[in-house]
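# A look at the structure
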Amino acid sequence: LGALILVIEDEREIRRYLTVALEGLGHSVIEAATAREGQQAMIARRPDIVILDLGLPDRDGQDVIRDFREWSHTPIIVLSARDRETDKVEALENGADDYLTKPFSALELAARIKVALRHRAGSEMAGEPVFRQDGLMVDLSARAVTLDGEAVHPTPIEYKLLTTLIRHAGKVLTHGQLTKEIWGRHSPDSNQGLRIHTQHLREKLKDDPLAPRFIITEPGIGYRFKV
Ligand code: CA
């Protein structure tokens with residue numbers, strides 16, 4: 001089933017590439033070359049997903065995200081350069097759902113769109129007390145975790161980390177978002193605690209960070225549960 005996707009990108013070649021790739025996946029595309037055009041299309045056309053370049057000629061992409069988030073829950077996927085990790089973190093914490101690093105493949109684009117469409121429904125895990133994936137079973141009502149049929153015993157913090165990640169499966173969560181979710185506060189200065197708990201959780205899930213079965217590290221940004 002095709003979605004209506006708004007592409008806000010000033011570089012014509014990338015815009016065309018996105019349009020061709022998205023139409024190839026069966027979606028319809030609205031193209032905008034500036035933040036202003038994008039905003040107008042957002043209001044007039046109500047797209048299902050927005051793909052937003054952070055470097056636009058008329059406005060800072062971060063401001064565009066903050067504006068959209070004041071009145072819309074439409075998933076936003078930002079486009080950013082490889083060496084702009086802090087921009088990506090800022091975009092995610094401003095309310096963007098995910099990012100694509102330029103240059104990206106049509107395969108990566110398809111994967112991000114798929115996750116964004118699923119999260120758009122806003123019903124991930126709703127009415128699903130048991131999560132199952134690749135040998136992992138998390139029973140959210142019984143707070144029980146098994147791996148390949150064997151009981152796993154996460155600490156309360158590890159359990160919170162695991163359930164936060166699976167609730168957003170496929171989507172990147174920043175260190176700050178995870179810290180806030182787990183400890184109820186935002187502490188971007190130190191991710192050491194989070195790193196240690198993630199390491200312990202991975203050990204319990206027999207998950208190799210170099211060949212992840214469940215938890216993917218997004219360097220300089222955060223973690224993503226594999227789908
Ligand atoms: Ca640009």
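Just above, that's the structure.
Conventions we followed
- Residues numbered from 1 in each chain as written.
- Predicted model: local features only at pLDDT ≥ 70, side-chain atom pairs only at ≥ 80, totals over all residues.
- Heavy atoms only, no water.
- Axes fitted to C-alpha atoms, helices over the stretch in contact; angles between N-to-C directions.
- Helix = DSSP H or I, 4+ residues; strand = E, 2+ residues; numbered from the N terminus.
- Parallel < 35°, antiparallel > 145°, perpendicular 65-115°, else oblique.
- Contact = heavy atoms within 4.5 Å.
- Nonpolar A, V, L, I, M, F, W, Y, C, P; charged D, E, K, R; others polar.
- Phe/Tyr/Trp six-rings, centres within 6.5 Å; stacked < 30°, edge-to-face > 60°.
- Buried < 20%, exposed > 50% of the residue type's maximum accessible area, 1.4 Å probe, protein only.
- Donors = N, O, S within 2.8 Å, 3.2 Å for Na, K, Ca; no water.
- Expected span 1.5 Å × (residues − 1).
- Pairing = 2+ DSSP bridges.

### So, the packing of helix α7 (residues 175–183) against helix α8 (residues 192–204)
Put simply, α7 and α8 touch, their axes get as near as 10 Å, and they point 80° apart. Relative to α8, the element α7 lies roughly perpendicular. Here α7 contributes His175, Leu178, Thr179, Ile182 and Trp183 to the contact with α8, which in turn contributes Gly193, Leu194 and His197. A per-class count over the contact of α7 with α8 returns 4 nonpolar, 4 polar and no charged.

### Observations concerning the packing of aromatic side chains
Tallied over the full model, the rule gives 4 aromatic pairs. When the ring of Phe68 is compared with that of Trp71, the centres are 6.3 Å apart and the planes differ by 85°; the resulting orientation is edge-to-face. With a gap of 3 residues between them, Phe68 and Trp71 both fall in helix α3 (residues 61–71), about one helical turn apart. Under the relative-accessibility criterion, Phe68 is labelled buried at 1%. A relative accessible area of 36% means that Trp71 is categorised as partly exposed. Centre to centre, the rings of Phe131 and Phe225 are 5.7 Å apart; their planes meet at 80°, and the pair counts as edge-to-face. Of the two residues, Phe131 sits in strand β6 (residues 130–133) while Phe225 sits in strand β12 (residues 222–225), which places them 94 residues apart along the sequence. For the pair shown, Phe131 and Phe225 are each scored as buried.

### Digging into the coordination of the calcium ion
Looking at the metal site, the calcium ion is ligated by Asp10 (OD), Asp53 (OD) and Gly55 (O), spaced 2.2 to 2.4 Å from it. Taken in chain order, the donor set of the calcium ion reads D-x42-D-x1-G.

### Observations regarding helix α1 (residues 12–24)
Taking 1.5 Å per residue as the helical rise, α1 with its 13 residues ought to reach 18 Å, and the 18 Å between its terminal C-alpha atoms agrees with that figure. Every buried residue belonging to α1 is among Ile14, Arg15, Leu18, Thr19, Ala21 and Leu22, and all of these are buried. Its buried side turned inward, α1 meets β1 (4–8), β2 (28–32), β3 (49–53), β4 (76–81), β5 (98–102) and α5 (106–120). Just downstream of α1 lies Gly26, where phi reads positive at about 95°.

### Focus: the sheet that holds strand β10 (residues 172–174)
Strand order in the open sheet formed by 3 strands is β10-β12-β11, and the pairing between neighbours is antiparallel. Unpaired on one side and paired on the other, β10 and β11 (215–218) mark the two borders of the sheet. The average undirected angle you get between the axes of adjacent strands in this sheet is 30°. As paired strands, β11 and β12 are joined by 4 bridges and run antiparallel to one another. Directly across from Ile216, in β12, lies its bridge partner Arg224.

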